[in-house]
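Chain by chain, the residues run as shown.
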Amino acid sequence: LGNLLSMSGRVADALVEYKFALLKDPYALEAVEQLAQLGCDESTISALLDVGLKRLTTNNKHGSTEDMNMGAEEQTSGSKPLLPLREYAQAQSTLHRNHLTTSLEHFNRLSSQFPHHPHLILQKAHIQQELGHILESEQNYQRVRRMDIHWMEGMDKYAHLLFQLRMSRKNAFMLQQGGYLHYQYSCHGGREKMENDSVTCGVEDELGQLSADLLDIDSNKPEPWVCLSMYHLARDDHDKSIAFVDKAININQQHQYAHYLRGSILLASQRPDHAVVSFFRANDLKRDIPSYEGLVESYLAADKFKEAICTAKEAISSAPRDARAITLVGLALSQAPTSQQNGEGKDRAKRALKRAMALDPGAPRPLFALVDLLASEENYDTCVKLLKDAIEGGKSSDMSDSTSPATASHTVTWNKEHLDVIQAKLAEIHTLNDMYTEALECYHTAISMNPQNGLAIQGLERLEKIMRGVDPDDEMDEEGEVDDEDAGQEEYY
């Protein structure tokens, strides 16, 4: 009944039913999860659990004659909960308040008590994925698959992770196509690179195999169609991708991730006004930071700066200590016209981005946003210092593996794996500052780290044109060079 009321938008009535269910049976873990998701505070849930356990103990003492024949050990154990209910309630409450690191610590403790419980392992995988611990998350998803090959719940998020690995080396998307989808997936660490890009091919094969397996299990669930959508998205086929995610939504209108994915595809297809609708629906179903990020990105792409700033502030109220939410405020303020901010928008944006970097020192998004903002003011020395500090941070994390996975955030999983991207960004700043020798060195360093770094390859081509005295933005000059080369070849032959 609580689920039906919640789906129909009657949240207050749903809360009453979930509380009643928990009072009647404190082991109704679904009620704990739903109460946390609907914003019920941790102390209220704990109080409900205490009352429910007391009532359950009282009922057991006055139970049937069969209960009276229990052993002494079984009778005394009735006063203690059979499951760590308080720990589970804390894990769910912190999760839905976007305190991901704390929630992961709770789920780690629960998992140590129940090491073979697939739901706990899956929750850990989701949180690790959102924190940026991609490789640890992948291992937990694989553990769930090994435990139960027919497991369906959460496998769309596993497909999301495989797509992150697929995109981890396609860095050109960050500047070439824009959009939150490609930016986000380019900013997560991936597997170690292997020869002939076998990792990329392997990830596509895994996505295809996962889609086929889930379709064989149950094609009437949204997860297989979301996986199939991700598979075609990895192949840059947006038309098929949007068709399959629409099918997932038709199967289950309440599937939050399907709406989020649809918004991401539309945003990457340069359709921000349509993307807003999907992100808004995803955020309505679950107020998490990724859906807020999608909304802000869409509003900015549609030049709706006031809406972007309001949404970013709402994200902070949802997660005041989350670096991603604070970054959104910085991004919105930095891109909004000065006339809308009384001339203080840029300074406020810098403060917000610096605060986000202090909370999560390895996060790439506030770093690049702050560098872009400073570069627009021609403050190149500060840009260089920020990027060199990030490079040194990535190298130091590579040398020392003592950082706890629960607290490392992006520092290990991003800077360590993507020093080539930071080197390419540093080269871009040197180019803007007319320091062409230093720019060449950084571009070559980036390409030596990752020969497929699209940012470095495109930036190097642009730099070579500048050094030849050719306008890199003038297509006519480029066509003229090609014609001259063709004429020279014809003359030679």
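What you see is a predicted model; the values in this text were computed from it and never measured. (Residues numbered from 1 in each chain as written. Predicted model: local features only at pLDDT ≥ 70, side-chain atom pairs only at ≥ 80, totals over all residues. Heavy atoms only, no water.)

**Focus on the overall build of the protein chain**
Phase 1 of the analysis: If you tally the helices and strands in the protein chain, you get 30 helices and zero strands.
Phase 2 of the analysis: Split into buried and exposed, the 493 residues of the protein chain put 50% on the buried side.
Phase 3 of the analysis: Sequence-distant contacts, at least 24 apart, represent 58% of the contacts inside the protein chain between residues at least 6 apart.
Phase 4 of the analysis: On the protein chain, roughly 23800 Å² of surface is accessible, and the fraction owed to carbon and sulfur atoms is 50%. (Helix = DSSP H or I, 4+ residues; strand = E, 2+ residues; numbered from the N terminus. Buried < 20%, exposed > 50% of the residue type's maximum accessible area, 1.4 Å probe, protein only. Contact = heavy atoms within 4.5 Å. Areas by Shrake-Rupley, 256 points an atom, 1.4 Å probe, with all protein chains shown as cover.)

**What to know about the packing of aromatic side chains**
Phase 1 of the analysis: Enumeration according to the criterion identifies four aromatic pairs in this entry.
Phase 2 of the analysis: With centroids separated by 5.9 Å and ring planes inclined at 20°, the aromatic side chains of Trp225 and Phe244 adopt a geometry described as stacked. Residue Trp225 is located in helix α15 (residues 222–234), and its partner Phe244 is located in helix α16 (residues 238–251); the two are separated by 19 residues in the primary sequence.
Phase 3 of the analysis: Cluster of aromatic residues (ring-pair linked, three or more members): Tyr257, Tyr260 and Phe279.
Phase 4 of the analysis: Cation over ring: Lys247 sits above Trp225, and NZ or CZ is 4.9 Å from the ring centre. (Phe/Tyr/Trp six-rings, centres within 6.5 Å; stacked < 30°, edge-to-face > 60°. Lys NZ or Arg CZ within 6 Å of the ring centre and 35° of its normal.)

**Topic: the nonpolar core**
Phase 1 of the analysis: Among the nonpolar cores identified, the biggest contains 65 residues, and Tyr141, Met155, Tyr158, Leu207, Leu210, Met230 and Leu261 are the most heavily contacted of them.
Phase 2 of the analysis: With eight residues, α15 is the largest single contributor of residues to this core.
Phase 3 of the analysis: Beyond its immediate chain neighbours, meaning those up to four positions away, Leu210 contacts Arg145, Met155, Tyr158, Ala159, Leu162 and Cys227.
Phase 4 of the analysis: Counting residues in each nonpolar core, the second largest holds 32 residues, with Val371, Leu374, Leu387 and Leu460 among its members. (Core = buried A, V, L, I, M, F, W, Y, C linked by side-chain atoms within 4.5 Å.)

**Looking at the packing of helix α22 (residues 345–359) against helix α23 (residues 364–376)**
Phase 1 of the analysis: The interhelical angle for the contact between α22 and α23, taken along N-to-C directions, is 150°, at an axis separation of 9 Å. When the axes of α22 and α23 are compared, the pair comes out roughly antiparallel. Classified by chirality, the crossing of α23 by α22 is left-handed. Between α22 and α23, the residues in contact are Lys346, Ala349, Lys350, Leu353, Lys354, Ala356 and Met357 and Pro366, Leu367, Ala369, Leu370, Leu373 and Leu374, respectively.
Phase 2 of the analysis: Counted by class, the contact of α22 with α23 contains ten nonpolar, no polar and three charged residues. (Axes fitted to C-alpha atoms, helices over the stretch in contact; angles between N-to-C directions. Parallel < 35°, antiparallel > 145°, perpendicular 65-115°, else oblique. Left-handed = near helix turned anticlockwise from the far one by under 90°. Nonpolar A, V, L, I, M, F, W, Y, C, P; charged D, E, K, R; others polar.)

**Some remarks on the environment of Lys19**
Phase 1 of the analysis: In this structure, Lys19 sits in helix α2 (residues 11–24).
Phase 2 of the analysis: Relative accessible area serves as the criterion here: at 30%, Lys19 is assigned to the partly exposed category.
Phase 3 of the analysis: When the C-alpha positions of Lys19 and Gln34 are compared, they lie 9.8 Å apart, and in sequence the two are 15 residues distant.
Phase 4 of the analysis: Lys19 has contacts with Leu35, Cys40, Thr44 and Leu48, leaving out every residue within four places of it along the chain.

**Describing unusual backbone geometry**
Phase 1 of the analysis: Positive phi outside glycine occurs at Gln270, with the angle close to 60°.
Phase 2 of the analysis: Counting through the fold element by element, Gln270 comes out in the loop between α17 (256–268) and α18 (272–285).
Phase 3 of the analysis: Given a relative accessible area of 54%, Gln270 falls into the exposed group.
Phase 4 of the analysis: Positive phi outside glycine occurs at Asp303, with the angle close to 60°.
Phase 5 of the analysis: The class of Asp303 is exposed, set by a relative accessible area of 54%.

**Thoughts on the packing of helix α27 (residues 419–432) against helix α29 (residues 454–467)**
Phase 1 of the analysis: Put simply, α27 and α29 touch, their axes get as near as 9 Å, and they point 20° apart. With respect to each other, α27 and α29 are oriented roughly parallel. The two elements α27 and α29 cross, and the hand of that crossing is left-handed. Of the residues in α29, those touching α27 at Val421, Ala424 and Thr431 are Leu455, Ala456, Leu463 and Ile466.
Phase 2 of the analysis: Class assignment of the residues belonging to the contact of α27 with α29 gives a composition of six nonpolar, one polar and no charged.

**Points about α17**
Phase 1 of the analysis: The first and last C-alpha atoms of α17 sit 19 Å apart over 13 residues, in line with the 18 Å expected at 1.5 Å per residue.
Phase 2 of the analysis: Most of α17 sits inside the fold, with twelve of its 13 residues counted as buried.
Phase 3 of the analysis: For α17, the complete set of buried residues consists of Gln256, Tyr257, Ala258, His259, Tyr260, Leu261, Gly263, Ser264, Ile265, Leu266, Leu267 and Ala268.
Phase 4 of the analysis: A positive phi of about 60° marks Gln270, the residue just after α17. (Expected span 1.5 Å × (residues − 1).)

**Some remarks on the environment of Ser43**
Phase 1 of the analysis: Assignment of secondary structure puts Ser43 in helix α4 (residues 42–61).
Phase 2 of the analysis: According to the relative accessible area criterion, Ser43 is exposed, its value standing at 52%.
Phase 3 of the analysis: Spatially, the C-alpha atoms of Ser43 and Ala89 are 9.4 Å apart, while their sequence positions differ by 46 residues.

**So, the confidence of the model for the protein chain**
Phase 1 of the analysis: Residues at a pLDDT of 70 or more form 78% of the protein chain, whose mean pLDDT is 79.
Phase 2 of the analysis: Across the protein chain, the element-wise mean pLDDT spans from 33 in helix α12 (residues 173–176) up to 94 in α16.
Phase 3 of the analysis: Across residues 169–200, confidence stays below pLDDT 50; counting only partners more than four residues off in sequence or on other chains, it has 104 contacts.
Phase 4 of the analysis: Confidence drops under a pLDDT of 50 for residues 397–414, and excluding neighbours within four residues, the segment shows 43 contacts in the predicted structure. (pLDDT = per-residue confidence, 0-100.)

**So, the pattern of salt bridges**
Phase 1 of the analysis: Inspection of the entire model under this criterion finds 16 salt bridges.
Phase 2 of the analysis: Ionic pairing is found between Lys350 and Glu377, a salt bridge with its closest N-O pair at 2.7 Å. Of the two residues, Lys350 sits in helix α22 while Glu377 sits in the loop between α23 and α24 (380–399), which places them 27 residues apart along the sequence.
Phase 3 of the analysis: Residue class for Lys350 comes out buried when judged on its relative accessible area of 15%.
Phase 4 of the analysis: For Glu377, a relative accessible area of 37% translates into the label partly exposed.
Phase 5 of the analysis: One salt-bridge network, in which partners are shared between bridges, spans Glu130, Asp322 and Arg324. (Salt bridge = Lys/Arg side-chain N within 4 Å of Asp/Glu carboxyl O.)

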